[in-house]
Amino acid sequence: MDSAPQPHAPHASPRPVVAVLVTHDAPDDRFNQVLGALAAQDYPNLDVLVVDTGAEDPTERVQAVLPAARVHRVDGDPGYGEAANVVLDLVSGAEFYVFAHDDAAPDPGAVTALVAAADQWDADIVGPKLVQWDAPRRFTQFGMTVDKVGVALPFVERGELDQGQHDGLRDVFAVPGAFTLVRAARFAEIGGFDEAISFLGDDLSLAWRARLAGAKVLVTSAAQVRHAEAFAGRPDGGAAVSRLAARHRIRVLLSSYRLTSLVAIVPQALVLSVV
């Protein structure tokens, strides 16, 4: 770890957690697996809020697997951050949120492990080990650092075989956003996700702004989540990813650096985006 956090005593009663699953016309089979994975969580105080931005109402599909889940539909497709932020208006009393993509299926103990890490190490954001959807012995992501122009630098190679070499807890700059535990009070303090970032970069923006507010960000291998990375698999995925990543990287820098630093850093980032 970059620095050694000090552990805290665990809480006697399970903290209230709300999983916020943002979905947009996900394929039936994959979405059902995600819902089933949430239903199988062993954490005893977990509620589920499904935020739908798609054309088809998923309420029946959700309630067939998660009868107690709440489904909230959002008109149009405002982007992941704006959709996820509705939790600030719809939910009260939660101590943690888990923000989830509709292509991320957690192992049964994932939420328990994330909450345990946040409690023990007084962290505000905790991410899991993300592995390939069809090959869970291979990594997709496991935390990241960032360079001065906002380029994310992952700690593992995509497709890297998991042989226990990254087991444990790591203090990181940011965590990929597929399945992320965030302390509710800190999330509200920083205003939630930056709604100007529709998708890609929202995770880095959230972690960067939280760190500026004094947050600790961790990843733990005790929580494992299968991630399909469906956005990158779209026919226009490569071009769309490049355009969005470049635009949103500039946005992250503008919202994270002081003006005196931006004078030097933004031109460098713009050159990198063009290249």
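Reading the values: the criteria
Residues numbered from 1 in each chain as written. Predicted model: local features only at pLDDT ≥ 70, side-chain atom pairs only at ≥ 80, totals over all residues. Heavy atoms only, no water. Helix = DSSP H or I, 4+ residues; strand = E, 2+ residues; numbered from the N terminus. Buried < 20%, exposed > 50% of the residue type's maximum accessible area, 1.4 Å probe, protein only. Contact = heavy atoms within 4.5 Å. Areas by Shrake-Rupley, 256 points an atom, 1.4 Å probe, with all protein chains shown as cover. Phe/Tyr/Trp six-rings, centres within 6.5 Å; stacked < 30°, edge-to-face > 60°. Core = buried A, V, L, I, M, F, W, Y, C linked by side-chain atoms within 4.5 Å. Expected span 1.5 Å × (residues − 1). Pairing = 2+ DSSP bridges. Right-handed = clockwise from strand over helix to strand, strands pointing away. Polar contact = N/O pair within 3.5 Å; in protein donor to acceptor, adjacent residues only side chain to side chain.

1. Focus: the overall build of the protein chain
Now for step 1: Looking only at helices and strands, the protein chain has 9 helices and 12 strands in total.
Now for step 2: The proportion of buried residues among the 275 residues of the protein chain is 51%.
Now for step 3: Within the protein chain, contacts between residues separated by at least 24 positions form 75% of all contacts whose residues are at least 6 apart in sequence.
Now for step 4: Accessible surface for the protein chain amounts to roughly 12,400 Å². Of this, 52% is attributable to carbon and sulfur atoms.

2. A few points about the packing of aromatic side chains
Now for step 1: Inspection of every chain in the model, using the stated rule, returns 8 aromatic pairs.
Now for step 2: Note on Y80 and F193: the rings are 5.6 Å apart at their centroids and 80° apart in plane angle, and the pair reads as edge-to-face. With Y80 in helix α3 (residues 80-84) and F193 in the loop between α6 (184-189) and α7 (202-212), this pair connects stretches of sequence that are 113 residues apart. Here Y80 matches F193 in class, with each residue buried.
Now for step 3: Taking 5.7 Å as the distance between ring centres and 85° as the angle between the ring planes, the aromatic pair formed by Y97 and F187 counts as edge-to-face.

3. Quick notes on unusual backbone geometry
Now for step 1: The backbone of D25 shows a phi angle near 50°, a positive value even though the residue is not glycine.
Now for step 2: As for its position among the elements, D25 is in the loop between β1 (17-23) and α1 (28-39).
Now for step 3: A relative accessible area of 39% means that D25 is categorised as partly exposed.
Now for step 4: Phi is positive for D122, which is not a glycine, with a value near 55°.
Now for step 5: For D122, the location among the structural elements is in the loop between α5 (110-121) and β6 (125-132).
Now for step 6: Residue D122 is classed as partly exposed on the basis of its relative accessible area of 41%.

4. Some points on the nonpolar core
Now for step 1: Core analysis: the biggest nonpolar cluster contains 40 residues, and V17, L21, V62, V126, F179 and L181 have the highest contact counts within it.
Now for step 2: If one sorts the elements of this core by residue count, α5 sits on top with 8 residues.
Now for step 3: Sequence-distant contacts of V17, defined by excluding residues within four places in its chain, comprise Y43, N45, L46, D47, F96, V98, V111 and V115.
Now for step 4: One finds V18, V51, V156 and V219 within the second-largest nonpolar core, a separate group that totals 37 residues.

5. Notes on α5
Now for step 1: Here α5 contains 12 residues, and its C-alpha end-to-end distance of 17 Å stays within 8% of the 16 Å for a straight helix at 1.5 Å per residue.
Now for step 2: In terms of burial, α5 is largely enclosed, as 9 of its 12 residues are buried.
Now for step 3: Of all the positions in α5, only A110, V111, A113, L114, V115, A117, A118, D119 and W121 are classed as buried.
Now for step 4: At the C-terminal side of α5, D122 shows a positive phi close to 55°.

6. Brief notes about the pairing of β1
Now for step 1: The buried count for β1 comes to 7 of 7 residues, which makes it a mostly enclosed element.
Now for step 2: Every second residue of β1 is oriented toward a common face, with V17, A19, L21 and T23 on one face and V18, V20 and V22 on the other, all of them buried.
Now for step 3: Pairing analysis gives 7 bridges linking β1 to strand β2 (residues 46-52), with the strands arranged parallel. Note on β2: the bridge partner recorded for V20 is L49.
Now for step 4: Between β1 and its parallel partner β2, the chain crosses via α1, and the hand of that crossover is right-handed.
Now for step 5: Across 6 bridges, the pairing between β1 and strand β4 (residues 96-101) is parallel. Its bridge partner lying in β4, V20 is registered against F99.

7. Considerations on the pairing of β2
Now for step 1: The element β2 is largely enclosed, with a buried count of 6 among its 7 residues.
Now for step 2: On the question of chirality, the crossover connecting β2 to the parallel strand β3 (residues 70-73) by way of helix α2 (residues 59-65) is right-handed.

8. Some points on the environment of K216
Now for step 1: If you trace the backbone, K216 turns up in the loop between α7 and β12 (217-227).
Now for step 2: For K216, the side chain forms a polar contact with the main-chain oxygen of W121, separated by 3.0 Å.

9. Focus: the side chain of K129
Now for step 1: Residue position: K129 is located in strand β6.
Now for step 2: When neighbours within four sequence positions are excluded, K129 is seen to be in contact with F139, Q141, F142, D162, D167, T220, S221, A223, Q224 and V225.

10. As for the environment of M144
Now for step 1: Relative to the elements of secondary structure, M144 occurs in strand β8 (residues 144-146).
Now for step 2: Under the relative-accessibility criterion, M144 is labelled buried at 7%.
Now for step 3: Sequence separation between M144 and V219 is 75 residues, and the spatial gap between their C-alpha atoms is 9.3 Å.
Now for step 4: Not counting residues up to four positions away in its chain, the partners in contact with M144 are A152, L153, P154, F155, V172, F173, A174, V175, P176 and D203.

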